[in-house]
Amino acid sequence: MTYFTFLWECSVVGYTLLLSLIEYKTLVMRGDLDRANQILPTIPKEQHNNVAHFLESRGMIEDALEIATDADYKFDLAIQLGRLEMAKEIAEEVQSESKWKQLGELAMSSGKLQLTEDCMKYAMDLSGLLLLYSSLGDAEGVSKLACLAKEQGKNNVAFLCLFTLGRLEDCLQLLVESNRIPEAALMARFYLPSKVSEIVALWREDLSKVNSKAAESLADPEEYPNLFEDWQVALSVEGNTAKTRGVYTAAENYPSHADKSSITLVEAFRNLQVEAEESLENGDVDHEVAEENGHVENEGDEEEQQENHSLFFLEEEGVVDADSTDGAVLVNGSEGEEEWGTNNKGNPSA
């Protein structure tokens, strides 16, 4: 070790030059790595990061990773080399949120989904977890995320999780608990019409604290059903959708659902009611013509004809013909048929 001291305008500046470090760098630049490795143990440990930076500048990143002692620097080197497991160990030791996010992004781009999930959990990246679980179709993960988001006060993420799962009642309750009563009333109008009166009562109570006249002007469908178009149809739709709301269609069946009609369920029900009436009227006309011609068919044949030429609306089973030319969609309460909910364009079902 050599020391140099310089006098510069009455100032003393000292420099320390490690001969072993100089010799090591010289041998590395000459390409004599074997002799350089023999000298490396003579270099003090506090200078190992200096050596690692030198090796990184020479493009010897793997050698730099082996020599480096600083955790942050080693993490950066491990990320450069794509050594995700080593980077994970360092992140667990350091417990830095930024490092978990950085590692999670790299893991996702590399297709390491399990590691991505772990990193996002450590970083509390709830939005990232929602994207991951929804992309994987992991209903259980989305459900757990809803609870976690609610605990962390991330109500927007919790709402999206619950809505994705079709837990509309929980969505409504979350809006009420968050004091978003107007939004809850609008959601109930479109998705849970049977809850509208209950939410309107809460809205009136809350609004009366600010403006009593405005609170009194809020309309309740139980009091003014004439102000709510297709109200009874909406209630019927809700009753049928409740049966399949918790049934999730497999992602592999997406092609069979991609080209479904964009007609809303209320429109479908309205069209079916009109078509059912027209079908019955047409059946009466056909029957009268057959009597005039003396070819009245027996009761069994008449029923068969009505099945072939008429469209039936079974309100209790919720059957709608998907192949009709007027754009009606097939919706069935059984698990094997179309799931009730929003249409392809995101329009509300009721």
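None of these values were measured; they are calculated from a predicted model.

Caption draft 1: Unusual backbone geometry, seen in detail. Notably, Gln95 is not glycine yet its phi reads approximately 55°, a positive angle. Position of Gln95 relative to the elements: it lies in the loop between helix H6 (84-94) and helix H7 (97-109). A positive phi is found at Asn179, a non-glycine position, where the angle reads about 60°. Here Asn179 shows up in the loop between helix H12 (168-177) and helix H13 (181-191).

Caption draft 2: Geometry of H6. Here H6 has its buried residues at Leu84, Ala87, Lys88, Ile90 and Ala91. Seen from one end, H6 has its buried residues packed into an arc of 165°, which puts them on one side. Across from the buried face of H6, at angles greater than 90 degrees, the exposed residues are Glu85, Glu89 and Glu93. Next to the buried residues of H6 lie helix H5 (71-81), H7 and helix H8 (113-123).

Caption draft 3: Representation of the packing of aromatic side chains. Under the counting rule described, the total for this entry stands at 3 aromatic pairs. On the basis of an interplanar angle of 15° and a centroid distance of 6.1 Å, the ring pair of Phe159 and Phe163 is categorised as stacked. Here Phe159 pairs with Phe163, and both are found in helix H11 (residues 155-164), just 4 residues apart, close to one helical turn. Look at Phe163 and you get partly exposed, because its relative accessible area is 30%. Consider the rings of Phe163 and Tyr191, whose centres lie 5.5 Å apart with planes at 85°: the pair is edge-to-face. Taken as a pair, Phe163 in helix H11 and Tyr191 in helix H13 lie far apart in primary sequence, 28 residues in all. On the basis of relative accessibility, which here comes to 17%, the residue Tyr191 falls in the buried class. One aromatic cluster is present, formed by Phe159, Phe163 and Tyr191 through successive ring pairs.

The rules behind the values
Residues numbered from 1 in each chain as written. Predicted model: local features only at pLDDT ≥ 70, side-chain atom pairs only at ≥ 80, totals over all residues. Heavy atoms only, no water. Helix = DSSP H or I, 4+ residues; strand = E, 2+ residues; numbered from the N terminus. Buried < 20%, exposed > 50% of the residue type's maximum accessible area, 1.4 Å probe, protein only. Arc of directions from axis to C-beta. Contact = heavy atoms within 4.5 Å. Phe/Tyr/Trp six-rings, centres within 6.5 Å; stacked < 30°, edge-to-face > 60°.

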